[in-house]
Amino acid sequence: RYDLGPHNIHTAHVHVLQFLKREFKSLFAHSPSFKIFRRSKFIDYPIRGLHVLTALRPWTIIPAVMSFLLARCTLFLRRPKKEVSFRDWIVNRFGGVLHREYFHDYPRKVWGLETNRIHKHVAEKRVPTLSMFQVIQGVFGRFDGVNHPEFPDENFYLTRGIGEMATFFEDGVRATGGEIINGVKIE
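Residues numbered from 1 in each chain as written. Predicted model: local features only at pLDDT ≥ 70, side-chain atom pairs only at ≥ 80, totals over all residues. Heavy atoms only, no water.

1. Describing the overall build of the chain
Phase 1: Each helix and strand in the chain was counted, giving 7 helices and 4 strands.
Phase 2: The order of helices and strands in the chain, counted from the N terminus, is α-β-β-β-α-α-α-α-α-β-α.
Phase 3: Surface summary for the chain: the accessible area is close to 12900 Å², and the carbon and sulfur share equals 58%. (Helix = DSSP H or I, 4+ residues; strand = E, 2+ residues; numbered from the N terminus. Areas by Shrake-Rupley, 256 points an atom, 1.4 Å probe, with all protein chains shown as cover.)

Encoded structure:
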């Protein structure tokens, strides 16, 4: 049994969830609440509406709003010229100030990499974006939803950790005559 952290299983694909429920009797549902601890405050994640401003220093709020609006207007008017990395994707949607304040340190803590060394696909999968209409709704406290398949209302966990899934597939490979070789160098 092993686990590297709070490995939650979530999917927007109904057939995948049906398979997991059928094959893993220890699978259980949980609706977690995610928070970012920033400047002695807990902020809901994904960030909604004015909550993004609550943990910023007062002199950073106006530049953050201006940077965000400029990024959104630019994105609306034309496709980004450069969008290869996590950093590019975030800056093009949230602006440079919010990238620096909220997103710059995250990949270093999780993967030990700078945001310009991670492919944009990671940001697309992990960071929910809202339309301008949803942003305005959030500012006035009228938007509660998260428009992103990576943040469903319900997450699932295995009682004995994510290693239970690896063992299941390993047993399946061996049961069908397959061979698994560990501890070798791939050439």
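2. Side note on a nonpolar patch on the surface
Phase 1: On the surface, Ile-62, Val-65, Met-66 and Leu-69 cluster together to form a nonpolar patch covering roughly 370 Å² of accessible area.
Phase 2: Tracing the backbone through its elements, the reader meets Met-66 in helix H2 (residues 58-77).
Phase 3: On the basis of relative accessible area, Met-66 is assigned to the exposed category, the value being 52%. (Patch = residues over 30% accessible without salt bridge, like charges linked within 9 Å, V, L, I, M, F, W, Y side chains within 5 Å. Salt bridge = Lys/Arg side-chain N within 4 Å of Asp/Glu carboxyl O. Buried < 20%, exposed > 50% of the residue type's maximum accessible area, 1.4 Å probe, protein only.)

3. Topic: helix H7 (residues 163-175)
Phase 1: Here H7 is 13 residues long and its end C-alpha atoms lie 18 Å apart, about the 18 Å a rise of 1.5 Å per residue gives.
Phase 2: Looking at the packing, one finds that the buried side of H7 touches helix H1 (14-23) and strand E4 (155-158).
Phase 3: Of the residues one or two after H7, Gly-177 is the one with positive phi, at around 90°. (Expected span 1.5 Å × (residues − 1). Contact = heavy atoms within 4.5 Å.)

4. Details of the pairing of strand E2 (residues 34-38)
Successive side chains on a regular strand alternate, one facing one side of the sheet and the next facing the other.
Phase 1: Relative to strand E3 (residues 41-45), E2 is paired through 5 bridges, and the arrangement is antiparallel. Residue pairing for E3: Ile-36 is matched across the bridge by Ile-43.
Phase 2: Adjacent in sequence and paired antiparallel, E2 and E3 are bridged by 2 residues, among which Arg-39 carries a positive phi angle near 50°. (Pairing = 2+ DSSP bridges.)

5. Here's the deal with the pattern of salt bridges
Phase 1: Considering all chains together, one arrives at 10 salt bridges under this definition.
Phase 2: Between Arg-22 and Glu-23 there is a salt bridge, and its shortest N-O distance comes to 3.4 Å.
Phase 3: Between Asp-105 and Arg-108 there is a salt bridge, with the nearest N and O atoms lying 2.4 Å from each other. Taken together, the positions of Asp-105 and Arg-108, both in helix H4 (residues 105-111) and 3 residues apart, correspond to about one turn of that helix.
Phase 4: On the basis of relative accessible area, Asp-105 is assigned to the partly exposed category, the value being 32%.
Phase 5: A cluster of three or more residues bridged by salt bridges with shared partners is formed by Arg-57, Arg-100 and Glu-101.

6. Let's talk about the packing of aromatic side chains
Phase 1: Tallied over the full model, the rule gives 7 aromatic pairs.
Phase 2: Taking the centre distance of 6.0 Å and the plane angle of 70° together, the rings of Phe-19 and Phe-168 count as edge-to-face. Taken together, the positions of Phe-19 in helix H1 and Phe-168 in helix H7 put the pair 149 residues apart, joining distant regions of the chain.
Phase 3: Plain terms: the ring middles of Phe-168 and Phe-169 are 5.1 Å apart, the flat faces sit at 80° to each other, and that makes the pair edge-to-face.
Phase 4: Under the relative-accessibility criterion, Phe-168 is labelled partly exposed at 26%.
Phase 5: Residue classification places Phe-169 among the partly exposed positions, given a relative accessible area of 41%.
Phase 6: Ring-pair connections join several aromatic residues into one group, and the members of that group are Phe-19, Phe-24, Phe-168 and Phe-169.
Phase 7: Taking the ring centre of Phe-94 as reference, the NZ or CZ of Arg-72 above it sits at 5.9 Å. (Phe/Tyr/Trp six-rings, centres within 6.5 Å; stacked < 30°, edge-to-face > 60°. Lys NZ or Arg CZ within 6 Å of the ring centre and 35° of its normal.)

7. Considerations on the nonpolar core
Phase 1: In terms of nonpolar packing, the biggest core is built from 18 residues, with Phe-86, Ile-90, Phe-94, Leu-98, Tyr-102, Phe-103 and Val-127 touching the most fellow members.
Phase 2: Of all the secondary-structure elements, those providing two or more residues to this core are H2 and helix H3 (86-103).
Phase 3: The greatest single-element share of this core, amounting to 8 residues, is contributed by H3.
Phase 4: Every residue in contact with Phe-103, bar those within four places of it in the chain, is listed here: Phe-86, Ile-90, Phe-94, Leu-98, Thr-115 and Val-127.
Phase 5: In terms of nonpolar packing, the next biggest core, distinct from the first, is built from 8 residues, Leu-17, Leu-20, Phe-24 and Leu-158 among them. (Core = buried A, V, L, I, M, F, W, Y, C linked by side-chain atoms within 4.5 Å.)

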